[in-house]
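# Structural description and commentary
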Amino acid sequence: MRERKIQGSATPDSPITSGLSSIAPASPDEIVNDSLRPTRLMDMIGQKAVADRLRVALEACRIRGEALPHILFDGPPGLGKTTFATVLHHELGVELAMTSGPALDKKGDVMPFLTNAIEGSILFIDEIHRLPKSVEEFIYPVMEDFRVDVVLGEGISARTLNLPLKKFTIIGATTRSGMLSSPLRDRFHMHEHLEFYDIDDLARIVTINAAKLKTTITQEAAIELAHRSRGTPRLANARLRWVRDFATARADGVVTVEIAREALDMQEIDREALDKQDRRYLEGLIKVFHGGPAGVEALAATLAISVDTLADEVEPYLLRSQFIIRTPRGRCATPKAYKHLGIRQPANRPLTGGPEGLFGLI
Ligand code: ADP
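This text gives an overview of the structure that appears in the document. Keep in mind that this is a model prediction, so the values were computed, not measured. (Residues numbered from 1 in each chain as written. Predicted model: local features only at pLDDT ≥ 70, side-chain atom pairs only at ≥ 80, totals over all residues. Heavy atoms only, no water.)

A count of helices and strands for the protein chain gives 14 helices and 10 strands. Burial status across the protein chain gives 51% buried among its 362 residues. Put simply, 70% of the contacts in the protein chain that link residues at least 6 apart link residues at least 24 apart. Element-wise, carbon and sulfur atoms account for 52% of the exposed surface of the protein chain, whose accessible area totals about 16,900 Å². (Helix = DSSP H or I, 4+ residues; strand = E, 2+ residues; numbered from the N terminus. Buried < 20%, exposed > 50% of the residue type's maximum accessible area, 1.4 Å probe, protein only. Contact = heavy atoms within 4.5 Å. Areas by Shrake-Rupley, 256 points an atom, 1.4 Å probe, with all protein chains shown as cover.)

So this is what it looks like as structure tokens:
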């Protein structure tokens, strides 16, 4: 079983960029060698419906001796899209190549994998919504008929050469499934949406990973970390590594709930799992835009944060935990957001920033 990496010529050093901004993006080597990443499907915590469907797909492809179907994973960063891809590669014992949409700048960038692909291998394309249109169209026949169409010559003497390929699997990952064109989306046989994790599942991940890191953690501390991890395993791992350092530096190395709270308070992660960036977002929305509605571009310009960061990393959790709502006219802060920041909500601006109320906007 081998992992290969291919890179686009435009950004030869670009890592596979998945991750919340508070954590540096991982390089392909780190992705594969991440010691906390489960390697078998049975070790994946939560996402039960997704894991069950993948189990069926694995079983079927083992029985028939065929490649896995093309699979698209979508969901916010850090929920396990890459992990599921690496798990499938381990389960099948097949080759895995990793790249990302922005790294595949032109058709030539994707050709090395296509022509070298062996039967049943996996090509993982992270951020597949950022694939340039020309590359996207180039891989349509690859996904459908395992064939590339190469145009030779120019003008009236031009002719198309059809190169047959081995049957392999493309696994795409995206934080923005809405940005995927429907022809590309339709060429994936399985679409798997990953949800935020509940507290029990995150606490289990923390406990298992504490053992991997040879750290003693109490059950109460694991639950505290789970509460402050925004439903996201990658953040749970990052929080765990931090409290472990804190426990080593400031105590006897054992992570108790008191140590966990002190360490997370020091990182300015509050009891609702919001970090500084989340609170800045809510403060901007409330103080500058009077609670909204505000468009994401306007918010991004005000906060000097990219639209992508807000849309991919900040807003999904704020929406899910009902600190904001999204209306056709923009984002609005909810009473929960005002209460959390200790700001009094003006009586005449109930939720939408206008007299028409919530139902006037939808
Ligand atoms: P994504 O690709 O969605 O951004 P990753 O697959 O890189 O997220 O997941 C980040 C980290 O979270 C992994 O390194 C792994 O340790 C952990 N993780 C993700 N999903 C699970 C899961 N279902 N069970 C246990 N750990 C997980």
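Running from amino to carboxyl end, helix α9 (residues 233-250) crosses helix α10 (residues 257-266) at an angle of 110 degrees, the nearest separation of the two axes being 9 Å. Comparing the axis directions of α9 and α10 gives the class roughly perpendicular. Side by side, α9 and α10 meet where R239, W242, V243, F246, A247 and R250 of the first sit next to I259, A260, E262, A263, L264 and M266 of the second. (Axes fitted to C-alpha atoms, helices over the stretch in contact; angles between N-to-C directions. Parallel < 35°, antiparallel > 145°, perpendicular 65-115°, else oblique.)

Another point: the site of the ligand. The environment of the ligand is formed by 19 residues, the closest being D34, G78, K81, T82 and T83. A distance of 3.2 Å separates an oxygen atom of the ligand from a polar backbone atom of L79. At 2.5 Å from an oxygen atom of the ligand is found a side-chain nitrogen or oxygen belonging to T83. Against a free-state accessible area of 560 Å², the protein chains account for coverage of 98% of the ligand. Taken together, the elements giving at least two residues each to the shell around the ligand come down to α3 (81-92) and α9. Its residues placed into classes, the shell around the ligand shows nine nonpolar, six polar and four charged. Three or more residues apiece are contributed to the shell around the ligand by two domains, here domain 1 (3-193) and domain 2 (199-266). (Near = heavy atom within 4 Å. Polar contact = N/O pair within 3.5 Å; in protein donor to acceptor, adjacent residues only side chain to side chain. Nonpolar A, V, L, I, M, F, W, Y, C, P; charged D, E, K, R; others polar. Domains from an automatic or database assignment.)

As a further point, take the packing of aromatic side chains. Tallied over the entire structure, the rule returns five aromatic pairs. Here the aromatic rings of F113 and F168 are separated by 5.1 Å at their centres, their planes lie at 65 degrees, and the arrangement is edge-to-face. Taken as a pair, F113 in helix α4 (residues 107-116) and F168 in the loop between β6 (159-164) and β7 (169-174) lie far apart in primary sequence, 55 residues in all. Of the two residues examined, F113 and F168, each falls in the buried class. (Phe/Tyr/Trp six-rings, centres within 6.5 Å; stacked < 30°, edge-to-face > 60°.)

As a further point, take the pattern of salt bridges. Tallying each qualifying case throughout the model produces 23 salt bridges. In this structure, the salt-bridge partner of D52 is R55, at a minimum N-O distance of 2.9 Å. With D52 and R55 both in helix α2 (residues 48-64) and three residues apart, this pair spans about one turn of that helix. We classify D52 as partly exposed; its relative accessible area is 30%. One salt bridge connects R53 with E192, and the closest N-O pair in it is separated by 2.8 Å. In this pair, R53 is assigned in helix α2 and E192 in strand β8 (residues 190-193), connecting sequence segments 139 residues apart. (Salt bridge = Lys/Arg side-chain N within 4 Å of Asp/Glu carboxyl O.)

Sheet topology places strand β9 (residues 324-327) next to strand β10 (residues 330-333); four bridges connect them, and they run antiparallel. When the bridges of β10 are listed, I325 appears paired with C332. Linkage of β9 to β10, two consecutive antiparallel strands, is achieved through a turn of two residues. (Pairing = 2+ DSSP bridges.)

Further remarks concern the side chain of T83. Among the structural elements, T83 can be located in helix α3. Residue classification places T83 among the buried positions, given a relative accessible area of 11%. Beyond its immediate chain neighbours, meaning those up to four positions away, T83 contacts R37, P38 and M44.

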